[in-house]
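So the chains spell out like this:
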Amino acid sequence: MKILVCDPMESSAIKRMRAEGLTVDVRDDITPEELNTVLKDYDGMVVRSRTKVRAPLIDLAPNLKVIVRGGVGLDTIDAEYARAKGITVLNTPLSSSASVAELAIGYMITLARSSHLTTASMKAGKWEKKKFEGDEIGGKILGIVGIGNIGKEVAKRALALGMEVMVYDPYATAPQNLKRASLDELLANADYITFHLPLTDESRNMIGAEAFGKMKGGVRIINCARGGIVDEDALYDALVSGKVAGAALDVFAQEPCQGHKLFSLDQVIGSPHIGAATREAQKRIGAEVADKLIDFYH
Ligand SMILES: NC(=O)c1ccc[n+]([C@@H]2O[C@H](COP(=O)([O-])OP(=O)(O)OC[C@H]3O[C@@H](n4cnc5c(N)ncnc54)[C@H](O)[C@@H]3O)[C@@H](O)[C@H]2O)c1
């Protein structure tokens, strides 16, 4: 069985697949044009988020039997199209949950204490002790939109930090210790709102001007799920008006995201889609990809 690894992957995972008899070619900087010509020679492919697997590429790969996405979201793959052609599409749903949850929690504390601004002030040689009065996150209400694998990890950590947790997810059963709410109830009550749902037709721009209008003044927004769930223009306006006190963004409607007007605001912090970029998550992703491919071929 011939597997093409199209994006960077833990070397231990590659070794293990080879030891199990799979032929694994690593082309982790392959261009879309090269992929169009070589994919016909492979039975399986491994991708992360860089390589997009759209219908026209799938049509060029008559021998393809399995696509494994190292990571959670399948929005970079035309998964339904592939499945309709008999191709198995797999992902690694649990491997990055803790890493993303820790990033979201870290962002809440950073926003509450303006750590990005205190650091910049210290680096500028200042000692602005009176300027930076923050908030505790203990005792505050955290609204979690989407209580899947990551949402649950965030909830556990937030409860341990003394937060009250409120959850909106019409499609999942939330653990019993979490208060379920309608979206409007959550928007009206939460001091922090964090998003952990996929980008779908339903969730695209679900948080726009109208939703911001329903929120408490001084709310803080965290999006480590997918760009496009929170409307970036509406978020910018809500930050400028002071309705939203701060926002932390790991994901953007257009990625790479460079020079966005949101980052002209002091109360915005962010990162270049690094939710799963920890050594631990990368190891788990590699191991899970190898397990799934080895299972598939044995
Ligand atoms: N920042 C990163 O690097 C990074 C890393 C991993 C995952 N993610 C993203 O995080 C998101 C959540 O991941 P997960 O592993 O928890 O997924 P999951 O499938 O376990 O959970 C998603 C939850 O969202 C809920 N949901 C779906 N549509 C909804 C809606 N319209 N309103 C409210 N809830 C809705 C589902 O019922 C489910 O419980 C995914 O979009 C994923 O792509 C980002």
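Since the model is a prediction, treat every value here as computed from it, not as a measurement.

*Asks:* Give a detailed account of the sheet that holds strand S10 (residues 219–223), specifying residues and quantitative values.
*Replies:* Read across the sheet, seven strands follow the order S8-S7-S6-S9-S10-S11-S12 without closing on themselves; strand pairing throughout is parallel. Both outer strands of the open sheet, strand S8 (179–180) and strand S12 (268–270), are each paired with one neighbouring strand and no more. Note: strand S7 (residues 164–168) against S8, two bridges, orientation parallel. Residue pairing for S8: Val-167 is matched across the bridge by Arg-180. Helix H7 (residues 149–160) rests against strand S6 (141–145), S7 and strand S9 (192–195) of the sheet, and its axis sits at about 170° to S6.

*Asks:* Give me the packing of helix H5 (residues 97–113) against H7: which residues, what numbers.
*Replies:* At their nearest, the axes of H5 and H7 sit 8 Å apart, and the two run at 50° to each other. Considered as vectors, H5 and H7 are oriented oblique to each other. As for the relative orientation of H5 and H7, their crossing is right-handed in sense. Between H5 and H7, the contacting residues are Ser-97, Ala-98, Val-100, Ala-101, Glu-102, Ala-104 and Ile-105 on the first element and Asn-149, Ile-150, Glu-153, Val-154, Arg-157 and Ala-158 on the second.

*Asks:* Tell me about the pattern of salt bridges, and name the residues and values.
*Replies:* When charged atoms on two side chains of opposite charge get close, those side chains can pair. Tallied over the full model, the rule gives 18 salt bridges. Linking Asp-135 and Arg-220 is a salt bridge whose minimum nitrogen-to-oxygen distance equals 3.0 Å. Taken as a pair, Asp-135 in the loop between helix H6 (115–123) and S6 and Arg-220 in strand S10 lie far apart in primary sequence, 85 residues in all. Classification of Asp-135 as partly exposed rests on a relative accessible area of 33%. Judged by its relative accessible area of 13%, Arg-220 falls in the buried class. Where Arg-157 meets Glu-153, a salt bridge forms, and the shortest distance between an N and an O atom there is 2.7 Å. Of this pair, Arg-157 and Glu-153 both sit in helix H7, four residues apart, which is roughly one turn of that helix.

*Asks:* How would you sum up the site of the ligand? Please name residues and give values.
*Replies:* Every one of the 27 residues lining the ligand counts as a neighbour, but Asn-149, Ile-150, Asp-169, Cys-224 and Asp-250 are closest to it. At a separation of 3.3 Å, an oxygen atom of the ligand approaches a polar backbone atom of Gly-275. For the shell around the ligand, the per-class residue count stands at 15 nonpolar, eight polar and four charged.

*Asks:* Got a sec to walk through the sheet that holds strand S4 (residues 66–69)? Specific residues and values, please.
*Replies:* Pairing is parallel across the open sheet formed by five strands, whose spatial order is S2-S1-S3-S4-S5. Bordering the open sheet on either side are strand S2 (23–26) and strand S5 (88–91), each of which pairs with just one other strand. The average angle at which neighbouring strand axes cross in this sheet is 20°, direction not considered. Judged from the three bridges that link them, strand S1 (residues 2–5) and strand S3 (residues 44–47) form a sheet pairing that is parallel. When the sheet's bridge partners are listed, Leu-4 is paired in S3 with Met-45.

About the thresholds
- Residues numbered from 1 in each chain as written.
- Predicted model: local features only at pLDDT ≥ 70, side-chain atom pairs only at ≥ 80, totals over all residues.
- Heavy atoms only, no water.
- Pairing = 2+ DSSP bridges.
- Helix = DSSP H or I, 4+ residues; strand = E, 2+ residues; numbered from the N terminus.
- Contact = heavy atoms within 4.5 Å.
- Axes fitted to C-alpha atoms, helices over the stretch in contact; angles between N-to-C directions.
- Parallel < 35°, antiparallel > 145°, perpendicular 65-115°, else oblique.
- Left-handed = near helix turned anticlockwise from the far one by under 90°.
- Salt bridge = Lys/Arg side-chain N within 4 Å of Asp/Glu carboxyl O.
- Buried < 20%, exposed > 50% of the residue type's maximum accessible area, 1.4 Å probe, protein only.
- Near = heavy atom within 4 Å.
- Polar contact = N/O pair within 3.5 Å; in protein donor to acceptor, adjacent residues only side chain to side chain.
- Nonpolar A, V, L, I, M, F, W, Y, C, P; charged D, E, K, R; others polar.

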